[in-house]
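Spelled out, the chains give:
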Amino acid sequence: MALITWNQSYSVEIPTIDEQHKTLVELINKLHDARLAGKGADALGLILTELIRYTQTHFAHEERLMRLYNYPDYEGHKKLHNDLVGKVLEVKSKFDAGEKALSGEVFDFLKDWLVNHIQGTDRKYTPFLKQKGVA
Ligand code: FEO
């Protein structure tokens, strides 16, 4: 069973961004499935790297939109992005240093990270960006 199942409460009501968030959900689920299937460190490491890269791409996309329209809480939102990337890079460096198992705690963190950020922070920009015509 998937670790995270997309539901409407995760939507920021901006389809292009929802699609990116869905890709992040898929990557976390892919990593979780690979761990459950007993895949080796090489396979897990590749998915983790893909997740980090896509996270950075997604955050850069949101930050571009926020800068373009002078979103009032751009700095605060960007700081949270930086903190999240830092934490995921920490997971990756522990993984590379030998914690190859990827504990349940890592998945709890990834799930909370994505869901709390989308619902608690991303959704705050919805009215602002929609008013600017972002779709
Ligand atoms: Fe969708 Fe602020 O990350």
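All values reported here derive from a predicted model rather than from experimental measurement. Every chain is numbered independently, its residues counted from 1 as its sequence is written. This being a predicted model, a pLDDT of at least 70 is required before a residue's local features are given, and a value of 80 or more before pairs of side-chain atoms are given or counted; all residues contribute to the totals for chains, interfaces and linings. Hydrogens and waters are ignored; side-chain quantities use all the structure's heavy atoms.

Student: Can you explain the side chain of T121? Please cite residues and give values.
Tutor: Locating T121 in the fold gives a position in the loop between α4 (104-120) and α5 (126-131). Exposure remark for T121: the relative accessible area of 13% places this residue in the buried category. Every residue in contact with T121, bar those within four places of it in the chain, is listed here: H77, L80 and N116. Helix and strand definitions here come from DSSP, where helices need a minimum of 4 consecutive H or I residues and strands a minimum of 2 consecutive E residues; each element is numbered from the N-terminal end. Partly exposed describes any residue whose relative accessible area lies between the buried limit of under 20% and the exposed limit of over 50%, with all areas from a 1.4 Å probe on protein chains only and scaled to the type maximum. In what follows, a contact means two residues having at least one pair of non-hydrogen atoms within 4.5 Å.

Student: Give me helix α2 (residues 41-68): which residues, what numbers.
Tutor: Between its first and last C-alpha, α2 extends 40 Å over 28 residues, near the 40 Å set by a 1.5 Å rise per residue. Among the residues trailing α2, N70 stands out with phi positive, at a value near 55°. The span expected for a helix works out to 1.5 Å for each residue beyond the first.

Student: For unusual backbone geometry, give the residues involved together with the corresponding values.
Tutor: In this structure, E13 is a non-glycine residue whose phi angle is positive, near 65°. Looking at the secondary structure, you find E13 in the segment before α1 (15-36). Overall, the relative accessible area of 42% leaves E13 in the partly exposed class. A positive phi angle, near 55°, is found at N70, a position not held by glycine. As for its placement among the helices and strands, N70 is situated in the loop between α2 and α3 (74-96). Using a relative accessible area of 63% as the deciding quantity, one classes N70 as exposed.

All quantities given are derived from atomic positions and should not be read as evidence of function.
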